[in-house]
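Each chain, letter by letter, is given below.
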Amino acid sequence: MIDGTAKFDKDIKGSPLPCCLADPEKLHRFDKRHRKLKQFLLSCVFTGVPIHMAPHPATAESPPSVLSGDCGSYFLGDFASQTCNTSTKTSPSASPVSYSDMNGLILTVNDGALVLNTTTFAVYAASSSLTSNPISIIGTNVGDIDTTGTNGHGLYATNSGLGNASTSISDGSITTFGSAAHGQLAWISNVLSNADAITTINGGSTTSSGGGAHGAHARTDSDTSGSAVATMTSGTVTTTGSGSFGIRAYSSSTSGSGAATATINGGTISTTNTGSDGLNALSNGSGTAQTNINGGSVTTQGNVAYGAVSLILDSSASGTASSNMTAGTVETNGDTAHGLYAENNGTGEATVSQSGGTITTAGTSAVGLYSLISNTSSTGQSSTTLTDGSITTSGSSAHGLLARTDGTGSAMSTMSGGTISTSGTGGFGLFSYANNTSSSGSVTSSMSGGSITTTNTNGVGLFSQNFGGGRCHNLLVSRNDFHLRPYRSGSLLFGVLCLFPGNRVGNYERWHDRNRRP
């Protein structure tokens, strides 16, 4: 102990503090109780180890208790910083690393030789309900982590106070075998918190084989503005269970306004079962749900397994559901396994856009870009946009772009660049669709650049259909800027087709390949 009692009266007024003279740049921290002159506690940090001053002799209070953690000791009540490696983690590999009721914690796991084989979570950190400090698990190198039990997460950070919860992996491997056993889970459980839940994959490998077991899962239960953010920049994620997403962001509260955002900038995501999306963002509140593909590779093999999906489910939510792609590759192999998908059951918009990269789908009704307004009372717009990049579909009724509304607003599919190729029966290039007979909203398919090629029966270049009372538009802005090649082999097919209620043909233009035009 370093005795600071000699200068107690000066210290509380801000005079130089004797315990930190060796390193004056270090931060001094006072216990709030010193203001009442009951006790003076000072801590300064040398190489990450807290040093506490003795209490004022006028009181009988004792200095903070020293607690023994799974990767080293810390002082009770401190915002602790711990490093976990083969030197500090001396318990058997079957014993998890666990820190509970913490007043904030930065736990760094960094040792390639570290081995954890547990039947529950492997590395766990939880806050007290009173702290405003973060709970963070930093997997610089997690070594080899294997878990076998239900909810047996690899890295698990939860904050019931007011601070952030975050996990990350940069090297090493995490493998989980149980149901709902995520590679990473960051969870804000306090409904009053406006802090964020954050998971990050910067490298390493993450593999899960149980149902509902995601590679990385960020979740907030906030009733305020707390967000959930899941990001991948490098490394690999593989899931083999049903309903197991590569990365997921989830805002659970219908009262919350925080965003749910899942983003891949690099690395590889592979899922191989039904309903297992590459990226999944779900918001139950008024915040946005958004997925972003800015690089890397996403591959799914299973029915209803989307490359990236954004969902807003609460019917009163006003946020936007959006899925966006600027670079990288998406490949889906399964029926109704769309490349990018956004659905809004609230009152806001659903938007899907691609400005680069490649999307390939192989399955019945597996659309490249698909936006949906599913709330029949919503006036929100459904829109899909292609400005660059390529989309290739091979299944029947597998369109390039589909904008659909079941509400009363408009639906619009727009193409100004890039390429679309459909080879399945009834595969349209651009498709805009209004499915509400009470709607007065318009539907529009517009092409001003790029190339559309359909190579099977009933393959239409631009198709719009309106079951409501609104207008139906197909716009060919400039024929010199693009090439539209509809398939024709014995059936009457159209480059551009617009249908109104009762299958009455509206405005359309028959346009074949230039070399075959009459």
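What you see is a predicted model, and the numbers here were worked out from it, not measured in a lab.

A word on the side chain of Thr299
In this structure, Thr299 sits in strand E24 (residues 289-301). Taking the relative accessible area as the measure of exposure, Thr299 reaches 18% and is therefore buried.

Quick word on the confidence of the model for the protein
Low pLDDT marks stretches whose predicted atomic positions should not be read closely. Residues with a pLDDT of 70 or more make up 80% of the protein, whose mean pLDDT is 84. Considering only residues more than four positions removed or in separate chains, one finds that residues 486-494, a stretch of pLDDT under 50, has 27 contacts. Considering only residues more than four positions removed or in separate chains, one finds that residues 501-518, a stretch of pLDDT under 50, has 43 contacts.

Here we look at unusual backbone geometry
Backbone geometry places Asp101, a non-glycine residue, at a positive phi of 55 degrees. Phi at Ser397 takes a positive value of approximately 55 degrees, unusual for a residue other than glycine. For Ser397, the location among the structural elements is in the loop between strand E30 (382-393) and strand E31 (401-405). Owing to a relative accessible area of 33%, Ser397 belongs among the partly exposed residues under this scheme.

Here we look at the nonpolar core
Within soluble globular proteins, side chains that are nonpolar generally end up buried alongside one another. Among the nonpolar cores identified, the biggest contains 66 residues, and Val123, Ile247, Leu279 and Ile293 are the most heavily contacted of them. Residue contributions to this core peak at 4 residues, all from strand E19 (residues 228-239). Tyr306, Leu311, Tyr341 and Phe431 belong to the second-largest nonpolar core, a separate cluster that totals 15 residues.

Thoughts on the pairing of strand E23 (residues 279-283)
Burial runs high along E23: 5 of the 5 residues are buried. Here E23 shows no split at all, with Leu279, Ala281 and Ser283 on one side and Asn280 and Leu282 on the other all buried. Sheet topology note: the strand E20 (residues 247-251)/E23 ladder contains 5 bridges and is parallel. The residue of E23 that forms the bridge with Arg248 is Asn280. Summarising the sheet, E23 and strand E25 (residues 308-312) pair through 5 bridges and their orientation is parallel. Residue pairing for E25: Ser283 is matched across the bridge by Ile312.

Structural notes on the packing of aromatic side chains
Under the counting rule described, the total for this entry stands at 10 aromatic pairs. Taking 5.1 Å as the distance between ring centres and 55 degrees as the angle between the ring planes, the aromatic pair formed by Tyr124 and Tyr156 counts as tilted. Linking Tyr124 in strand E10 (residues 123-127) with Tyr156 in strand E13 (residues 155-159), this pair joins segments that are 32 residues apart in sequence. You can call Tyr124 buried: its relative accessible area is 16%. Assessed through its relative accessible area of 13%, Tyr156 is described here as buried. Aromatic pair Phe431 and Phe463: ring centres 5.1 Å apart, planes at 75 degrees, arrangement edge-to-face. With Phe431 in strand E34 (residues 430-434) and Phe463 in strand E37 (residues 462-466), this pair connects stretches of sequence that are 32 residues apart. Across the pair, Phe463 and Phe431 agree in class, each one buried. Members of the aromatic cluster, joined through ring pairs, are Phe428, Phe431, Tyr433, Phe463 and Phe467. Stacked on the ring of Tyr250, the Lys or Arg Arg248 has its end atom at 4.7 Å from the ring centre.

Description of the pattern of salt bridges
With the rule as written, the count across this model stands at 2 salt bridges. The shortest N-O distance in the salt bridge between Asp221 and Arg219 comes to 2.9 Å. Judged by relative accessible area, Arg219 falls into the partly exposed class, the value being 24%. Of the charged contacts in the structure, one is a salt bridge between Arg404 and Asp406, with a shortest N-O distance of 2.9 Å. Asp406 sits in the buried class, given a relative accessible area of 15%.

A look at the environment of Phe75
Among the secondary structure elements, Phe75 is positioned in strand E5 (residues 72-75). Residue class for Phe75 comes out buried when judged on its relative accessible area of 16%. With 10 residues separating them in the primary sequence, Phe75 and Ser65 have C-alpha atoms 5.8 Å apart.

Definitions and limits used
- Counting of residues starts from 1 at the beginning of each chain's written sequence and follows it residue by residue.
- Per-residue local features of the predicted model are confined to residues with pLDDT of at least 70, and side-chain atom pairs are confined, for both listing and counting, to 80 or more; whole-chain, interface and lining totals are unaffected and use all residues.
- Working from all heavy atoms in the structure, the side-chain values ignore hydrogens and water.
- Secondary structure elements are taken from DSSP: a helix is a run of H or I of four residues or more, a strand is a run of E of two residues or more, and numbering for both begins at the N terminus.
- Only protein chains enter the area calculation, which uses a 1.4 Å probe; residues under 20% of their type maximum are buried, those over 50% are exposed, and those in between are partly exposed.
- Each residue carries a pLDDT score, the predictor's confidence in it, ranging from 0 to 100.
- Contacts were defined at the residue level, with two residues in contact if any of their heavy atoms lie within 4.5 Å.
- Throughout this description, the term nonpolar core refers to a set of buried Ala, Val, Leu, Ile, Met, Phe, Trp, Tyr and Cys residues connected via side-chain atoms within 4.5 Å.
- A strand pair is defined by DSSP finding two or more bridges across the two strands.
- Stacked, edge-to-face and tilted are the three classes for Phe, Tyr and Trp ring pairs, Trp counted by its six-membered ring, which pair at centre distances within 6.5 Å; planes under 30 degrees apart are stacked, over 60 edge-to-face, the rest tilted.
- Working rule: Lys NZ or Arg CZ, within 6 Å of ring centre, within 35 degrees of ring normal, means a charge sits over the ring.
- Note on definitions: salt bridges are taken to be side-chain nitrogens of Lys or Arg within 4 Å of carboxyl oxygens of Asp or Glu.

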